[in-house]
Amino acid sequence: MIDQDPRHIAFDILDKVHNGAFADLALDSALQALPDMDVRDRALATELVYGVLRYRGRLDFALQQLCRKPLAKVEPAVLNLLRLGCYQILQLDRIPNHAAVFETVELARRLKLQRATGFINGILRGLVRQAAQLPWPDRQRDPLDYLEHVLSLPRWLAARWLDEFGAEEACALAQAMLKPAPYAIRTNTLKIQREALLATLNASDCDAVPTRFVPEGIYIRQGETRHLSGHTEGIFQLQDQASMLISHLLNPQPGERILDACAAPGGKTTHMAALTDNRARIVALDLHPQRVDLITRGANRLGCQGIEGHAWDLTGVPDFLEPASFDRILVDAPCSGLGVLRRNPEIRWRRKPADLKEMARIQRAILGNVAPLLRPGGRLVYSLCTFSPEETQNVIRAFTNEHPEFTRCDLRNETPAAWHALFDRQGALRTLPQHHDDMDAFFAVAFEKQP
């Protein structure tokens, strides 16, 4: 029988993440195997996994005050147990401290880590006693240490954000990235309108409200989302509001041939199909065949037509596609993912500065290989769920230098006035969760190809 203890499940997921798994996929798989698990236990397991990953920097700072040896020398399994206990003590008021300590020690025993129970018990009890006296860095005097140890950023990223945004804005962004991301869905307008979907959701005990910017978007603020009514029937798609903006910026039209260059899992692909009322021809590419299958399955569920999926590595020339054969191209490129740390918190601990340069190299290659596929007068949108200079302005600068036939568009000239707060002074999309209706941090720029 599978252990349904939420702390044990959380420990197993954290162990998998330590060995390279993605938290969301591992957690979804674990919970799907336990369909009868109590909803409160499911919620606690989810809270513990995401909480420990988001707050790891803060937890490790607290634990290091009580541990005589560097945490890097603590056995990974034991360190994950300590983080689980520490998170409950520091961040979860609803769990009594004595219960957090007891359950963590008992879990260590069940995991056959009896040799570490005294060590774990001593540190967590010490934390309970000394929590109020921990020497947290001061935000005003030492914003770098504050970003690292209180707002839980790796030091290299804390230093970058401090340099790019200044102390106040960097702290606001880091604080926003510690919060759970909103549960956002896109109305599938091929089957239902947003007002009708809102009524359906609110009638089923959800607290559903429209998003501020995207006309198809809905936030679900409260209610059971695991079996949300209408998912199987394809009347909505899970998708962040910032991600929904991208297809609007591409502005696909019926009758056009469109390339979605890095399409999986297919949220933007199917959004384009809906915006054109299934009257566009969309070629959806992705590197991995199994992810192309995700696009196909999603399109079938949503009733999207005219989508043709192919597996292709766009760091190579797509010689099976005719030059100048597309009216519009979307390059939602693979990136560092720094704009979605709320959703994928393990990224903050995996990314290194060198990764940004490598991602920029890949992004430049993809843009260079799709550029000949756009017809003169066509539109190219380059989008990312990040905001690092290497992957945004540096890539754009290199692309326009290498392809002078492409000119940038000011997106403010063709979008509603209410959207203008989302764009920078050059007309590029730049969203941040602390400023823009709690949406993910995205970047996008549009180009037109000259004759």
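Thresholds applied
Residues numbered from 1 in each chain as written. Predicted model: local features only at pLDDT ≥ 70, side-chain atom pairs only at ≥ 80, totals over all residues. Heavy atoms only, no water. Axes fitted to C-alpha atoms, helices over the stretch in contact; angles between N-to-C directions. Helix = DSSP H or I, 4+ residues; strand = E, 2+ residues; numbered from the N terminus. Parallel < 35°, antiparallel > 145°, perpendicular 65-115°, else oblique. Left-handed = near helix turned anticlockwise from the far one by under 90°. Contact = heavy atoms within 4.5 Å. Domains from an automatic or database assignment. Salt bridge = Lys/Arg side-chain N within 4 Å of Asp/Glu carboxyl O. Buried < 20%, exposed > 50% of the residue type's maximum accessible area, 1.4 Å probe, protein only. Core = buried A, V, L, I, M, F, W, Y, C linked by side-chain atoms within 4.5 Å. Phe/Tyr/Trp six-rings, centres within 6.5 Å; stacked < 30°, edge-to-face > 60°. Lys NZ or Arg CZ within 6 Å of the ring centre and 35° of its normal. Polar contact = N/O pair within 3.5 Å; in protein donor to acceptor, adjacent residues only side chain to side chain. UniProt positions renumbered as here; feature names shortened; annotations may be inferred.

Draft legend 1. Representation of the packing of helix α12 (residues 241-250) against helix α13 (residues 267-275) within the structure. Close contact between α12 and α13 brings their axes to 9 Å; oriented N to C, the two are set at 50°. Classified by the interaxial angle, the pair formed by α12 and α13 is oblique. The interaxial crossing formed by α12 with α13 has right-handed handedness. On the side of α12, the interface is formed by S243, M244, I246, S247, H248 and L250, while α13 contributes K268, H271, M272 and L275.

Draft legend 2. Structural view of the domain arrangement of the protein. What the domain assignment lists for the protein is domain 1 (6-134), domain 2 (141-178), domain 3 (184-238) and domain 4 (241-449). Domain 2 and domain 3 are separated by 34 Å when their C-alpha centres are compared.

Draft legend 3. Focus on the pattern of salt bridges. All chains considered together, the criterion is met by 24 salt bridges. With its nearest N and O atoms 2.8 Å apart, the salt bridge here joins D410 to R412. Taking relative accessible area as the criterion, D410 reaches 23% and is therefore assigned partly exposed. According to the relative accessible area criterion, R412 is partly exposed, its value standing at 26%.

Draft legend 4. Looking closely at the environment of E391. Within the secondary structure layout, E391 lies in the loop between β9 (374-384) and α17 (393-402). For the pair E391 and P265, spaced 126 residues apart in sequence, the C-alpha separation works out to 21 Å. Contacts of E391, omitting those with residues within four sequence positions, involve C335, S336, L356, M359, Q363, Y382, L384 and T386.

Draft legend 5. Examining the nonpolar core more closely. I120, L147, L151 and W161 are the most contacted members of the largest nonpolar core, which totals 73 residues. Looking at this core element by element, the count peaks at nine residues for helix α5 (residues 76-91). Membership of the second largest hydrophobic core comes to 64 residues, among which are L245, V370, L373 and Y382.

Draft legend 6. A look at the environment of A170. Tracing the chain through its elements places A170 in helix α10 (residues 167-178). By relative accessible area, which is 0% here, A170 ends up buried. Put simply, A170 and L147 are 23 residues apart on the chain and 8.0 Å apart in space, counted from C-alpha to C-alpha. Setting aside residues up to four positions removed in sequence, A170 forms contacts with L147, W161, L162 and F165.

Draft legend 7. Region of the structure containing the packing of aromatic side chains. Under the definition given, this model contains eight aromatic pairs. With centroids separated by 5.9 Å and ring planes inclined at 50°, the aromatic side chains of Y55 and Y87 adopt a geometry described as tilted. Here the residue Y55 occupies a position in the loop between α3 (39-54) and α4 (56-64), and Y87 occupies one in helix α5, the gap between them amounting to 32 residues. Each member of the pair, Y55 as well as Y87, is classed as buried. Through pairs of rings, three or more aromatic residues link up here, namely W161, F165 and F387. Directly above the ring of F119 sits K69, whose terminal nitrogen or CZ lies 5.6 Å from the centroid.

Draft legend 8. Expanded view of α12. With nine of 10 residues buried, α12 lies mostly within the body of the structure. Residues Q241, A242, S243, M244, L245, I246, S247, L249 and L250 constitute the buried set of α12. In this structure D240 caps α12, since a side-chain oxygen of it lies 2.9 Å from the backbone nitrogen of A242. Phi for N251, located one or two positions after α12, is positive at around 60°.

Draft legend 9. Focus on the UniProt feature "active site" (unreviewed entry) in the protein. UniProt annotation of "active site" (unreviewed entry) refers to C385 when read in the numbering used here. By the element assignment, C385 lies in the loop between β9 and α17. With near-sequence residues (within four places) excluded, C385 lies in contact with C335, G337, L338, G339, V340, A441 and F442.

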